[in-house]
Each structure stands twice: as structure tokens, then as C-alpha cells.
Amino acid sequence: MAFLKRSVLQIVPTLFILTLIVFGLVYVAGDPVSMMLPENATAEDRALLEEALGLNDPFFVQYLNYIKDLITGDFGNSLQYREPALQLVMERLPATLTLSLMAMGIAIIISIPLGIYAALKRNSFLDFIISGVSILGKAMPNYWIGIMLILFFAVMLPIFPVSGAETPIHFVLPSVTLGVALAAEMTRLIRGSVLEVLEQEFVQTARSKGQKEFIVVLRHVFLNSLIPVVTIVGIQFPQLIGGAIVVETVFSWPGVGRLLLFSIGASDMAVVQAIVFVIALITIVANLITDAVYRILDPQIKYK
Amino acid sequence: MKKFKALSMMLIITMLLAACGFTDPDEEPKNTEGSETTDGYSLLTIANPADITTLDPQNNNVITTSAVLVNIYNKLVKRDASGEIVPDLATGWEQMDDTTWEFTLTEGVTFHNGDDFTAEDVKFSLERVANDNTLQQYSVFNKIAEVKVVDDHTVHIVTEEADPQLLSRLSTVAASIFPAAHFEEVGAEEFFQHPVGTGAYQFSDWKKDNYVELTRFEDYFEGEPNWEKVHFTVVPEDSTRVAELLTNEVDIAFNIPTADIDRINDNDGTHVKLEPIQRVIQLWLSTEEDAPTADPRVREAIDLAIDNQVIIDEILLGAATPTRTHVTPGNFGANESLYDTYEYDPERAKELLAEAGYEDGITVDISVNNYYTEMAEVVGGMLQEVGITANLELLEQSQFAKRLFAEDLAEGVFVGWGNDMFDGSVLELFREDNVTSYANEEVDELLNEAAYNMNEEERSEQYQKVQEILAEDRGVVYLFQLEGRYGVSDRIDYTPRLDELYVVDEITLSE
């Protein structure tokens, strides 16, 4: 409980500083009004619109107004969509979360057997291939993988739809694209971690007890090699949401990543803030879960 | 034994993968979509790079949004495919005096919700955009002082001062007519969740960042529309949009990369349509005293150093037309003698620089909207050939817009500019106190007169004269008018419009 309390106490100032940074960056970088007016609008038109939207107040007045509303749970309205910013984000969040979870699932499904296999058959030909492919998988940028997958599995061999998010079959190419890099990284990590555990004495003991190899690998080796893997999963999940910006664009996926890209382009402050806020929350929650899983995996870990 | 276990593990994993990937009891796969598009007039699918941002045509400034909304609402007047202003919800109009116009309204028109269209709707809709200064189109309509209802089917539109552009304004999508009573009853927010117009197609669904769906309005006053359903899907990535077209998932893919033109033409069942759009690429040159470009000889040298056709051929693969004016054919006051032509003479350019005292060359800073980076780089190379070093400063769109308004750009500005009103008044960019500080009394005088001149012929001549002076003075160096690049399925007959709007009922199945 104390651990939870401390975590929450850390979250509040973190989020507060985050809003200030994001607010500052968007304020400096862009100009919402010139993106909203017709090209040939005059300086007068511009002043009128700025005033109507409350955008001619000094930076700190705007920021304080924003924070005041935020404390009451009001993220403000999108300038472009004229809708509550949080609502825009929440509408798209399920699509992004589903995509990220699917990618994570694919990464886990690919990496665990491959990683264990590569470690057990260390220095074999297959180990060599698996490690080689992992490095390749990590090196390929996901927009390129996405475009290639579309070219081969949607245009040349029309197995999957090119883009969109209507049916479950639409999930395949985008989640593979997003999952490849993570799968590659996790495979290498699992291989290394399993190798380390294999050399531990308790593994020798288990084997000398005459336990079946399958049980040895699964119970003694695999479970004990999970801790670094959980760390990676915990850290990577929010990063997947970041990677979704690219994958969502390539596959016309109606998620938060594309909304973020559009809103930054339009300097739509309220929406950018809301997205960063939500992603930050997800990151914090993912970290909390990671910490909790540690404790289950290894009861020796204690938090003071 | 070991092998068997490994195998069974793999099998379980494969099944798991299958379980989470492919079965979802709530949704049945609708792979019918592909076949639907081949089924005559049941569905038309148009892929755009960006989603619409709103269903409110008066609070929008983006063509891709107007291009969709034009099908839901009607205006008093509209532009036909050739750009002429023709009746829409008004059967006729007459100018009573310099500031008063009488419009006779079409009778027997109903809105999608069944309400009858009357003069009150016109008054309400136009006064909304003329009075609410938070709307993005307010600046275009705020010259309308009042809309008077004479009877159910007659209105008088009164402008604050003589406005020769009134019909142009009324033909834009922002002049859409809403059902007043219904709008006032539900309020703006609710209204634009479920918009109601008189258009050929009624709104049925908007899955944000995914697609907008419109369905046929059977009681449309000009007869039953062609298509049962229209989908405007959003496909932001260029290569994905092309792939959607090649696999027959969409009928029209807008803004395809030039590199894919041949691929689409070579593919069985698709072709590319190139049609001019309103955007003219141009290089503004500062005439402020300390800028080297203040010397007209330097500006002329820059113009002569650029081989417009090479840029068109190499970068746009032919999808543009060279021009020496912004007011291209199809726009009011176009000076066609300055269109489809350009001047290129690098030798003369070098001489001019020498005459201006810059034998050793000069350096010009140019701010570039990064949308046009490639073209600007080629221009930079061409300028280098005659001894002008161009320092390109690439700016992302919103940054560019911000600095443009603050008049904080370099002495050269590389920009693409549209012409929403289809009118010579776009030249007012170069009226006194403008961004380049270009000053020419004759230009100012002509522009000021033309702005309020109700005599069309005279007004057109005034704009033509301004174009001549600008071309001579090189107050701005015009390069070329872009063409819209559309990938089109062979099953439909589609000619893209100059205004880039998708008027769905102009699109038919090919014979």
C-alpha cells in the first residue's frame, strides 16, 4: 500500500510538469489561427479570430486558464474539431490499444518459443538464423515493413485488405508490422536471459534429480528468466503506442497516433495535451503493473 | 519424444495465434465490400489523404472537407463543371442597386428531414456566417449587412458596400443553406452531429479518421441521384492509397504521387486523371530597400534563370502548366496571354545581374513551405547557374503560416497559393503594405477600383492590366499552375473539377 501511495504522489508532479512542457512546445512551434483562416485573410480577420478564441492572452495566462480547467477534469475543446479534446482521444483510444495489444501478443507469441529454442540450441545453425533475423527485424523501420507487407500480401497476393479497420482480418498486417521490432528485441533478450539461467546451479540440480527436460526448461529456466523480459514488455508497451503513429498512418488505422500527428500540425493544443496526458497515464500504469509482476515472479524483491 | 513436445508446443502457439487474430463473434467479416464496388451504382468509394474536420461548412477552411460537404448541402448558386455560376437553390437573381441583390428561390425543395425550403432558411444560414466572428468563413461573408425576407420565395441580400464578388461568395460551400427551424431547435452542436441539408446525398455516418458515409436522398429536387451510397475513406499514406486503388477497393484515389502515375496507367482497370487545380506555385521577392531583390533587374534575372518546364517535367512528370499570372483560365479577369508561357534566358539573367552591379554573384535567402521542398531545391540549382546563391530555409506548414502572418519570412518566399473566389481579387496580395513591400501606385489604384466595380467588363480589364504590370515588374515570379492527380477506376467516368470538389452526381459509370 505504501508503495502505491508513493507512486501516486510521484505521478501528480510528473503530469503537471508534462503539461507545462507540452504547452510550451506547442505554443512556440505553431500558430493555430493562421491554420484556421482562409489564405487571403487580413491581419484584421486574424486579430478578430484570435480574440474570439482567447488566443491573444499572454502565455502564462493561457496556461493558467488551461490548468484551472484541467483540475476540474476539463481538457478543453479542439480548435479544429470544435469538440471536447478528451472525447476525441477516447473515441480513438480503443483502436490504438487494440493494435498495441495485438502487436504485443504477436511479439510474445513469436519471441518466447524462438528465444528459448535459440538458447537451448546455442550456436547451432538455427540459433544463428534466429539471431540474424532478430537483428534484421530490429533494423527495419516499421513504415517500410508496412509498405512491403501491403505490396506482397495485399496487392500482389490479395490475401489481406490493404488498409482500414473494419474486420478482424484488417488487424493482421498492422499488428505484425508494429510487433516485428518488439518480437526481434524480445527474442534476443529471452535467449540471453535463458542462457544465463541455464548455467545456474539449481538447473543442474533439477536435471540431476532426473526431472524431465520439458519441466526443467519451463519451470526452472523459463520462469526464472522472465524478469528482464517483463521489464522490456513494461517499457515497450507505451512505446508501441508511439510507434502506432507510423503504423496507423500507413494502414489508415483510425487511432490516437494519427490524431496526434494531425493535431500537432494544426497546433491544436487541447488535443495534443489530452493525448500526451493519456499516454503518460498509460505509461505510469504499465510501470506499476510491471512492478507488481516483479513481485509475483520473484518474492525476494521488496519495496521500501 | 523431445521433438514431439516441441512440435505440439508450436501447434498450440499457432492455434493461439489463430484464436486471437481471426475470430471475433461480434463482427462478421464483410469481404463483400470489394465486390460491392463492382456492382453498378450501389457504392462509390473515394479515398482522400485527410479526414474531414467538421460537418459545418461555415467553420471550415479545408478543401478536402468542402469536397465532401458539397454533396450534403446546396447554396443559392453553384459553379458548374466549367466554372460558370449557375442556379442552385435560386432560380434567378437581379441586382437592384449597388448593394442590394434580389434572389428568387426554387420552389418545391425539401430538406433531408422533410422541412420545406423557404426564404427564412436563407436568411438564417447566411446571417449566421456573416455575424458569428468565431466561424472560420466569417471574413468571407462579413460584408453581408442583412438578408431580407420579401416573401417565402424571394430574398434581398444587402451588402455593406458594393460587392462584385457576392455571387462568387454565395457559390462557395460555406454559403450552404440549413433548415432554420430545425437548426434553432436542436442547436449548432447537435445539428452538426446529424447535419441536414437539401443536397443530393444525406449524411448517414462518420467514423472519424476512417470514413464518411452519405446515402442517396430520393426526394432531391433535381431528380433522384445516381449513387445509392458514397464512402469518402481516409487513407493518409500515399502508397497505401495507390494500393487501395490497384486492388479495386476504391474508385478514386486523390493526390497520388507522381512516381506512381505510370504504375496506375499500366495496371489493368485503373488510369490517372490530371486536371488543373487553383494552386499556383510562385516566388515572392522582397522589394524592401536593403534587399538585393529590391532592384527590378535582379528580380527579372531570377525569373529568367528558372526553366519552368524542366521542373514540371522532372518533378511533376508533366502535371502542371507554366504561367506568368496567378489568375489562370476559368477565373474572373484571367489574362490568358500570360498563361501557358514562361521566360527563360540564363544569359540575359547574367547580364542583368552584371548591370545591377552583382558580377560576383549574390545570395538570396528564400523561405520555403516544406510542402514544395523538391521544387524549391531545383529552383535553387537553376539560380546557382547564373550566379545567385539561394539559401533555402525549409519551414513546416504551420510555422510557415505563422511567420507569413507576422511578415517574418526571408526576402524570397516560395509558396503555393490558391484562389478560393475564382476571382482576380486574389491579386490584392500585392496591394500596398503587402508581405513583399511591393509598391506600385497604378496597381493599387486598379485593385482598389476593381474591388467595388460593379461593371464586369471594366473590372475584368482592370485585373488584366494588373497582371500585365506584375509580370513586367516581377513583383512576384509565377512558376506554374499545379494539376490535381487522381487515380481512377476504369469502371467510372470522372473528370476532376478545378475547385477540387467531388460533386458526386457528376460521376457516372463508364459506358
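Residues numbered from 1 in each chain as written. Chains lettered and ligands numbered in written order. Predicted model: local features only at pLDDT ≥ 70, side-chain atom pairs only at ≥ 80, totals over all residues.

> Explanation requested: the overall build of chain A in the structure shown.
For chain A, the count of helices and strands is 13 helices and zero strands. For chain A, the succession of helices and strands along the chain, N to C, is α-α-α-α-α-α-α-α-α-α-α-α-α. By the burial criterion, 38% of the 304 residues in chain A qualify as buried. Within chain A, contacts between residues separated by at least 24 positions form 74% of all contacts whose residues are at least 6 apart in sequence. (Helix = DSSP H or I, 4+ residues; strand = E, 2+ residues; numbered from the N terminus. Buried ≥ 20, exposed ≤ 12 C-beta atoms within 10 Å, placed from the backbone. Contact = placed C-beta atoms within 7 Å.)

> Sorry, what's going on with the overall build of chain B here?
Summing up its helical and strand segments, chain B has 16 helices and 19 strands in all. In chain B, buried positions account for 48% of the 511 residues. For chain B, contacts bridging at least 24 residues in sequence account for 69% of all contacts bridging at least 6.

> Sorry if this is basic, but what is going on with the confidence of the model for chain A here?
Parts of the model with low pLDDT should not have their predicted coordinates read in detail. Across chain A, the average pLDDT comes to 84, with 97% of residues at 70 or higher. Looking at the elements of chain A, mean pLDDT is at its lowest for helix H2 (residues 32-36) of chain A, recorded as 76, and at its highest for helix H5 (residues 85-120) of chain A, recorded as 91. (pLDDT = per-residue confidence, 0-100.)

> Could you clarify how one ought to interpret the packing of H5(A) against helix H8 (residues 172-198) of chain A in this entry?
Each pair of packed helices can be summarised by the angle the axes make with each other and by the distance between the axes. Residue and element names in this part refer to chain A. Viewed as axis vectors pointing N to C, H5 and H8 meet at an angle of 35°, and their least axial separation amounts to 6 Å. When the axes of H5 and H8 are compared, the crossing they make is right-handed. Tallied by class, the residues present in the contact of H5 with H8 amount to 22 nonpolar, five polar and one charged. (Axes fitted to C-alpha atoms, helices over the stretch in contact; angles between N-to-C directions. Left-handed = near helix turned anticlockwise from the far one by under 90°. Nonpolar A, V, L, I, M, F, W, Y, C, P; charged D, E, K, R; others polar.)

> I tried to follow the interface of chain A and chain B on my own but got confused; where do I start?
Interfaces are often sized by the amount of accessible area the parts lose when they come together. Residue-level contacts link 50 residues of chain A with 50 residues of chain B. Contributing elements (two or more residues each) for the side of chain A that touches chain B: H2, helix H3 (43-53), H5, helix H7 (142-156), helix H10 (213-222), helix H11 (226-250) and helix H12 (256-265) of chain A. Taken together, the residues that form the side of chain A that touches chain B break down as 29 nonpolar, 11 polar and 10 charged.

> Sorry if this is basic, but what is going on with the nonpolar core here?
If you look at the biggest cluster of nonpolar residues, it comprises 216 residues, and the most contacted ones within it are A:Ala103, A:Ile275, B:Ile252, B:Ala253, B:Ala301, B:Ile302 and B:Ala305. No other element matches the 18 residues that H5(A) contributes to this core. Shared between two domains, this core takes at least three residues from each, and those domains are domain 1 (14-71) and domain 2 (92-302) of chain A. Apart from residues lying up to four places away in sequence, A:Ile275 is in contact with A:Val89, A:Val256, A:Leu259 and A:Leu260. (Core = buried A, V, L, I, M, F, W, Y, C linked by C-beta atoms within 7 Å. Domains from an automatic or database assignment.)

> Just checking my understanding: could you explain unusual backbone geometry for this structure?
Excluding glycine, most residues fall at negative phi; most peptide bonds, likewise, are trans. For A:Ser267, which is not a glycine, the phi torsion comes out positive at approximately 50°. Mapped onto the secondary structure, A:Ser267 falls in the loop between H12 and helix H13 (269-297).

> Just checking my understanding: could you explain the pairing of strand S10 (residues 229-234) of chain B for this structure?
Within a regular strand, the side chains alternate between the two sheet faces. Residues and elements named next belong to chain B. Taken across its six residues, S10 has five buried, putting it largely inside the fold. Two elements, strand S1 (residues 43-48) and S10, share six bridges in a ladder whose sense is parallel. Each residue of the ladder has a partner; that of Leu-43, found in S10, is Lys-229. Pairing of strand S9 (residues 211-216) with S10 involves five bridges; the strand directions are antiparallel. In the sheet register, Thr-215 faces S10, and the bridge partner there is Lys-229. (Pairing = 2+ DSSP bridges.)

> I tried to follow the sheet that holds strand S6 (residues 144-151) of chain B on my own but got confused; where do I start?
Strand pairing in a sheet relies on backbone hydrogen bonds. The paired strands run either parallel or antiparallel. Residues and elements named next belong to chain B. The strand order across the open sheet formed by four strands is S4-S5-S7-S6, and the pairing between neighbours is antiparallel. Because the sheet does not close on itself, it has two edges, and the strands there are strand S4 (90-97) and S6. Within this sheet the neighbouring strands show an average axis-to-axis angle of 20°, counted without direction. In this sheet, strand S7 (residues 154-159) lies alongside S6 in antiparallel orientation, the contact comprising six bridges. Residue pairing in the sheet places Val-147 in a bridge with Ile-157 of S7. Across the sheet, helix H4 (residues 119-131) touches strand S5 (100-105), S6 and S7, and the angle it forms with S6 is around 175°.

> When you look at helix H16 (residues 456-473) of chain B in this model, what are you seeing that I'm missing?
Turn by turn, an α-helix covers 3.6 residues, leaving residues three or four places apart pointing in a common direction. All names here are of chain B. Counted at 1.5 Å a residue, the expected span for H16 with its 18 residues is 26 Å, and the 26 Å between its end C-alpha atoms agrees. Within H16 the residues assigned to the buried category are Arg-459, Gln-462, Tyr-463, Val-466, Gln-467, Leu-470 and Ala-471. As for H16, its buried residues are in contact with helix H15 (441-452) and strand S17 (476-489). Phi for Arg-474, located one or two positions after H16, is positive at around 50°. (Expected span 1.5 Å × (residues − 1).)

> How should I be thinking about the packing of H8(A) against H11(A) in this particular structure?
All names here are of chain A. Their axes nearest at 10 Å, the elements H8 and H11 cross at an angle of 160°. Taken together, the axes of H8 and H11 are roughly antiparallel relative to one another. When you trace H8 past H11, the crossing you get is right-handed. Facing H8, whose interface residues are Pro-174, Thr-177, Leu-178, Leu-182, Glu-185, Met-186, Leu-189, Ile-190 and Ser-193, H11 presents Pro-228, Val-229, Ile-232, Gln-236, Leu-240, Gly-243, Ala-244 and Val-247. Residue composition of the contact of H8 with H11, grouped by class: 12 nonpolar, four polar and one charged. (Parallel < 35°, antiparallel > 145°, perpendicular 65-115°, else oblique.)

> Is there a simple way to think about the environment of A:Ile235 in this case?
Tracing the backbone shows A:Ile235 in helix H11. Measuring from C-alpha to C-alpha, the distance between A:Ile235 and A:Thr283 comes to 7.9 Å, with 48 residues separating the pair along the chain.

> How should the pairing of S17(B) be read in this particular structure?
Residue and element names in this part refer to chain B. When you tally the buried positions in S17, you get 12 out of 14 residues, the bulk of the element. Across 12 bridges, the pairing between strand S12 (residues 270-285) and S17 is antiparallel. Of the residues in S17, the one forming a bridge with Leu-283 is Val-477. Bridge count between strand S13 (residues 320-322) and S17: three bridges; the pairing is antiparallel. Across the sheet, residue Thr-321 finds its bridge partner in S17, namely Gln-481.

> In this structure, what is going on with the environment of B:Gly484? I would like to understand it.
Residues and elements named next belong to chain B. Its location among the elements puts Gly-484 in strand S17. Residue classification places Gly-484 among the partly exposed positions, given that 19 C-beta atoms sit within 10 Å. Sequence spacing of Gly-484 and Arg-279 is 205 residues, and the spatial spacing of their C-alpha atoms is 9.3 Å. Setting aside residues no more than four positions away along its own chain, Gly-484 makes contact with Glu-275, Ile-277, Pro-496 and Glu-500.

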